[in-house]
Amino acid sequence: MTIKIEKRPTVGLSKVATSDTHGEDSPYFAGWKAYDENPFDEVHNPSGVIQMGLAENQVSFDLLEEYLEKYRDVARCGSGISSFRENALFQDYHGLLSFRKAMASFMEQVRGGRATFDPDRVVITAGATAANELLTFILADPGDALLVPTPYYPGFDRDLRWRTDVKIVPVHCNNSNNFQVTPQALEEAYKEAESKNIKVKGVLITNPSNPFGATVQRLVLEEIVEFVTRKNIHLVSDEIYSGSAFCCSEFVSIAEILESRNYMDSERVHIVYSLSKDLGLPGFRVGTIYSYNDNVVTTARRMSSFTLISSQTQQLLASMLSDETFTQNYIKTNRERLRRRYEMIIDGLRSAGIECLKGNAGLFCWMNLSPLLEKPTKDCELAVWNTILHEVKLNISPGSSCHCSEPGWFRVCFANMSENTLEIALKRIHDFMETRTIIQKH
Amino acid sequence: MGFISGNNKKLLSKIATNDGHGENSAYFDGWKAYENDPFHLTQNPNGVIQMGLAENQLCFDLIQEWVVNNPKASICTSEGAQDFKDIAIFQDYHGLPEFRKAVSRFMEKVRGDRVTFDPERIVMSGGATGAIETLTFCLADPGDAFLVPTPYYPAFDRDLRWRTRVQLYPVVCESSNNFKVTKEALEDAYEKAQESNIRVKGLLINNPSNPLGTVLDRETLKDILRFINDKNIHLVCDEIYAATAFSQPSFISIAEVKEEVVGCNENLVHIIYSLSKDLGFPGFRVGIIYSYNDVVVNIARKMSSFGLVSTQTQRLIASMLSDDIFVENFIAKSSVRLSQRHGLFTKGLAQVGINTLKSNAGLFFWMDLRRLLKEPTFEDELDLWHIIINEVKLNVSPGCSFHCSEPGWFRVCFANMDDETMRVALRRIRHFVLKENKGLEVASKKQCRRNKLEISLSFRRLDDFMNSPFMNSPHSPMSSPMVQART
């Protein structure tokens, strides 16, 4: 039965429903459409569009599958008799204690034991998407703003603003200092909000950062903490890529900063985490909020009723993440493989004459194509992007979709494909750059 | 690690600091009492029996049998593991096609195949809790209102109002006509809302009804459709208890009736569903929005990013619900068991003069204790309720928590316990009522003797009746609704 086309006028829907704050009309998604219509496949469609706009981690699935192979009876993820019923009935918004313990422990391991996490502060949500929205509902009223350093993950426009009616005020970062957040930039953004009579309720950072795949330096984190303390506002640290830092010691979590200060004044800090990137399980919808603020924990927990994690999934992951032999090995191996992928793509791009921002984390690199732009404008950036999408057949993400203030940068994902596919992608870029050089010479 | 800072409440939003979460109501005293002293057949036989939780635990034996016989449905077994990766990375908010197909087919079967559902219109959400909030975000602006017939499920106050800032406006239904939703009550509510300058955007109905356990008849459904069309407002039908109708009159879905109303604008009609009640899977958070409005399907789907169903669960459900033989057998057996439970309780109560609203659906019944109130006031209702919790040791739910307009009614859940517990619960209620009867009624000695005889006879009949085929289960591990996504 197909969906009937209703000829009557659309009856009243809400403003939220009729706005485009869901963000899907942006050119960012045009790339996805091109991919959907002509998806690359090594065997069946070798000339299709290669998806490099999707920050997925597929490099370590074999480790997960190995775990399941060894522990399938112990995993008790729904096939065990006595556990199934209890599990199916469990809808407590605290979440399974075993799951929260396992999550807290995993988060500690990802930080090399340099921070401790209390399972009772772990609030479960169906993905980081829900976690970020939920925190925004709790920390800000409609019309208030969160300061977010640019460039930032495009999904924040929807997650932080759509149903909450909260604004994002950008904190502009640029390449002069490798896009690091500065106190001046924070101050400027704050003043800009003030001048428009907008109340700033917090700062939201992503660390390691999306889109550039770099960890935030300790000094910068301390400056940010100093800033939010001075302004008496919140700090949300989205650490969804924490397990994807190539070298464990290079990632500094906000939790470490707080611990080093004996948690003084920490009730303004909240961490968002998820297993979608580090473990490569986006389908399972596993997000968490970790807050140092009791009121936020209580309220977030109540709100999580709208977006709990399936108890079946909690059970599986409780098992997996409390197996320290597995997790230690996974974390280490995953980092190593991501690092190798990163080096592969950086070398490949460099030999094609393309430079990237120095990165040390994440599932993507931040590529500089500004030399290819006729003029340093957003339109020229999009023109180059179009060419890459339709001629080179690579879906990469233009910096403008991440609100980057400097045109010419692109986010390129490298962990959502096989090495073979990555080589093919690099060859295409190489050939493209060669052609352009030839054209330019003429 | 304590980070308590009292002054910091000011730093949070209005939504975070108001009571919209609904947990401060007296309703939760019963849950606290249960949590502090939970009944257990052997370990705590004098504890509080949980009868405030609308859970369906009667058919887990059937589910478990299926799960054991279908290892491929789980991605953790050796049979299913080859699909692990594909399932784990699938985060498309359309959901697995096989999941949508299986759910829409299940919804059709539950309605006796009298209607069809298009899998393309199935939108996921974080349980029915998430579904109803998402629909509200789609249909109404802050300050707008939804009409809702009383008595209604208490958590609607949170689900429809808390983060959306939408209001609920009651359509008062009365015991004089068995709480039927009448045209007059609808018109009355609408007018009153208009007079108070409240913009009504829709009507929310729950069919089968929580807490009444009744189904809406065809004429009422048609009246409702005419009403919403006339006012050009939305109709949200929460059909979460669709498969719990266990006898005549059968459950009629809004999907069946909308064709029969001339000029009905389909764009106004939306259905909420979930697997938490019919199948007994509240932990799996499987909520569904089914809308006849293309724009709403589209937008709700985008919003579902905030509450998708775990693909691991989608996969299990898709497998289970596409097993036609299993589904048909399940629906039939579930019906029979619910009917038996319901019958035992309601007849057992009738024998001691306690009436219950005539019902044939849901996981609960609506008990009439008006004659036990000293005065027909809500204070007296709450007093009586505290006695029931603290002395009779049953957590039942007082009518005022459902916004019932008349004091003295209580919702009693019967499907969330095993047979022994049920017997104990029934015995306790009957014992309590008889005690009250002695105090309240001026009865002749003869009358008393006859009553006693009837009671002892009926107890024997009760015991004979007990030959449950399914396994004994410990009391529900659940605790208070403070922690339930949906009670």
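Reading the values: rules and limits
- Residues numbered from 1 in each chain as written.
- Chains lettered and ligands numbered in written order.
- Predicted model: local features only at pLDDT ≥ 70, side-chain atom pairs only at ≥ 80, totals over all residues.
- Heavy atoms only, no water.
- Helix = DSSP H or I, 4+ residues; strand = E, 2+ residues; numbered from the N terminus.
- Rg over C-alpha atoms; globule rule 2.2 N^0.38 Å.
- Buried < 20%, exposed > 50% of the residue type's maximum accessible area, 1.4 Å probe, protein only.
- Contact = heavy atoms within 4.5 Å.
- Areas by Shrake-Rupley, 256 points an atom, 1.4 Å probe, with all protein chains shown as cover.
- Lys, Arg positive; Asp, Glu negative; His and termini not counted.
- Charge placed at Lys NZ, Arg CZ, Asp CG, Glu CD.
- Buried area = accessible area lost by both parts, 1.4 Å probe.
- Salt bridge = Lys/Arg side-chain N within 4 Å of Asp/Glu carboxyl O.
- Polar contact = N/O pair within 3.5 Å; in protein donor to acceptor, adjacent residues only side chain to side chain.
- Phe/Tyr/Trp six-rings, centres within 6.5 Å; stacked < 30°, edge-to-face > 60°.
- Lys NZ or Arg CZ within 6 Å of the ring centre and 35° of its normal.
- Axes fitted to C-alpha atoms, helices over the stretch in contact; angles between N-to-C directions.
- Parallel < 35°, antiparallel > 145°, perpendicular 65-115°, else oblique.
- Left-handed = near helix turned anticlockwise from the far one by under 90°.
- Nonpolar A, V, L, I, M, F, W, Y, C, P; charged D, E, K, R; others polar.
- Pairing = 2+ DSSP bridges.

**Considerations on the overall build of chain A**
- Each helix and strand counted, chain A has 15 helices and 13 strands in total.
- In terms of overall dimensions, chain A is globule-like: its C-alpha atoms have a radius of gyration of 22 Å, near the 22 Å expected for 442 residues.
- Its C-alpha atoms give chain A principal-axis dimensions of about 70 × 60 × 55 Å.
- Counting the 442 residues in chain A, one finds 64% classified as buried.
- Pairs at least 24 residues apart make up 76% of the contacts formed inside chain A by residues separated by at least 6 positions.
- Only carbon and sulfur atoms are counted for the fraction: they give 50% of the accessible area of chain A, which is about 16500 Å².
- Side chains of chain A carry 47 positive and 56 negative charges; the gap between the two charge centres is 3 Å.

**A word on unusual backbone geometry**
- A cis amide bond, omega -10°, links A:Thr150 with the succeeding residue A:Pro151.
- Within the secondary structure, A:Pro151 is located in the loop between strand 3 (145–149) and helix 7 (156–161).
- Between B:Asn210 and the following residue, B:Pro211, the backbone shows a cis peptide bond with an omega angle of 15°.
- Locating B:Pro211 in the fold gives a position in the loop between strand 5 (200–206) and helix 9 (218–231).

**Overview of the interface of chain A and chain B**
- Counting from both sides, the interface comprises 91 residues of chain A and, opposite them, 96 residues of chain B.
- Summed over both sides, the interface of chain A with chain B buries roughly 8500 Å², with 59% coming from carbon and sulfur.
- Of all residues in chain A, the largest losses of buried area upon contact with chain B belong to A:Arg85, A:Gln91 and A:Phe306, amounting jointly to 11% of the total for that side.
- In this structure, the connection of chain A to chain B is made through three salt bridges.
- Across the salt bridge formed by B:Lys14 and A:Asp141, the nearest N and O atoms sit 3.6 Å from each other.
- Only helix 1 (15–18), helix 3 (61–75), helix 4 (81–89), helix 6 (128–139), helix 7, helix 11 (294–303) and helix 12 (311–321) of chain A provide two or more residues apiece to the side of chain A that touches chain B.

**Describing helix 11 (residues 294–303) of chain B**
Residue and element names in this part refer to chain B.
- Among the ten residues of helix 11, seven are classified as buried, and the element is accordingly described as predominantly covered.
- All of the buried residues along helix 11 are Val296, Val297, Ile299, Ala300, Arg301, Lys302 and Met303.
- Between the side-chain oxygen at the start of helix 11 and the backbone nitrogen of Val295 there is a gap of 3.0 Å, and the oxygen is on Asn293.

**Some details on the pattern of salt bridges**
Residues and elements named next belong to chain B.
- Applying the stated criterion to the full structure yields 50 salt bridges over all chains.
- For Arg199, the salt bridge identified is with Asp141, shortest N-O distance 3.6 Å. Placement of the pair is Arg199 in the loop between helix 8 (183–195) and strand 5 and Asp141 in the loop between helix 6 (127–139) and strand 3 (145–149), with a sequence separation of 58 residues.
- On the accessibility criterion, Arg199 (46% relative accessible area) is partly exposed.
- Accessibility expressed as a relative area gives 7% for Asp141, which makes it buried.
- Note that Asp223 and Arg226 form a salt bridge whose closest N and O atoms lie 3.2 Å from each other.

**Focus: the packing of aromatic side chains**
- Tallied over the entire structure, the rule returns 37 aromatic pairs over all chains.
- Consider the rings of B:Phe345 and B:Phe365, whose centres lie 5.7 Å apart with planes at 45°: the pair is tilted. In this pair, B:Phe345 sits in helix 13 (residues 324–350) while B:Phe365 sits in strand 10 (residues 364–368), placing the two residues 20 residues apart along the sequence.
- Three or more aromatic residues joined by ring pairs form one cluster here, namely A:Phe84, B:Phe60, B:Phe281 and B:Phe284.
- Over the ring of B:Tyr273 we find B:Arg111; its NZ or CZ atom is 5.9 Å from the centre of that ring.

**Describing the environment of B:Gly95**
Residue and element names in this part refer to chain B.
- Here Gly95 is to be found in the loop between helix 4 (84–89) and helix 5 (97–110).
- The spacing of Gly95 and Arg315 is 220 residues in sequence and 9.9 Å in space, taken between C-alpha atoms.
- When residues no more than four places from it in sequence are discounted, the contact partners of Gly95 are Phe90, Arg100, Met124 and Gln314.

**Regarding the packing of helix 5 of chain B against helix 12 (residues 311–321) of chain B**
All names here are of chain B.
- Close contact between helix 5 and helix 12 brings their axes to 8 Å; oriented N to C, the two are set at 45°. On the basis of their axis angle, the class for helix 5 and helix 12 is oblique. By crossing handedness, the relation of helix 5 to helix 12 is classed as left-handed. Of the residues in helix 12, those in contact with Glu98, Phe99, Ala102, Val103 and Phe106 of helix 5 are Gln314, Ile317, Ala318 and Leu321.
- Of the residues that constitute the contact of helix 5 with helix 12, the class distribution is seven nonpolar, one polar and one charged.

**Some points on the pairing of strand 13 (residues 409–413) of chain B**
All names here are of chain B.
- Burial of strand 13 is extensive: five of the five residues sit out of reach of the surface.
- Alternating positions in strand 13 separate into two faces, Trp409, Arg411 and Cys413 on one and Phe410 and Val412 on the other, with burial throughout.
- Bridging between strand 10 and strand 13 involves five bridges; their strand directions are antiparallel. Counterpart to Met367 in the pairing with strand 13 is Phe410.
- Relative to strand 13, strand 12 (residues 397–398) runs antiparallel, the two being bridged by two bridges.

Such coordinate-based values are descriptive only and should not be taken to indicate function.
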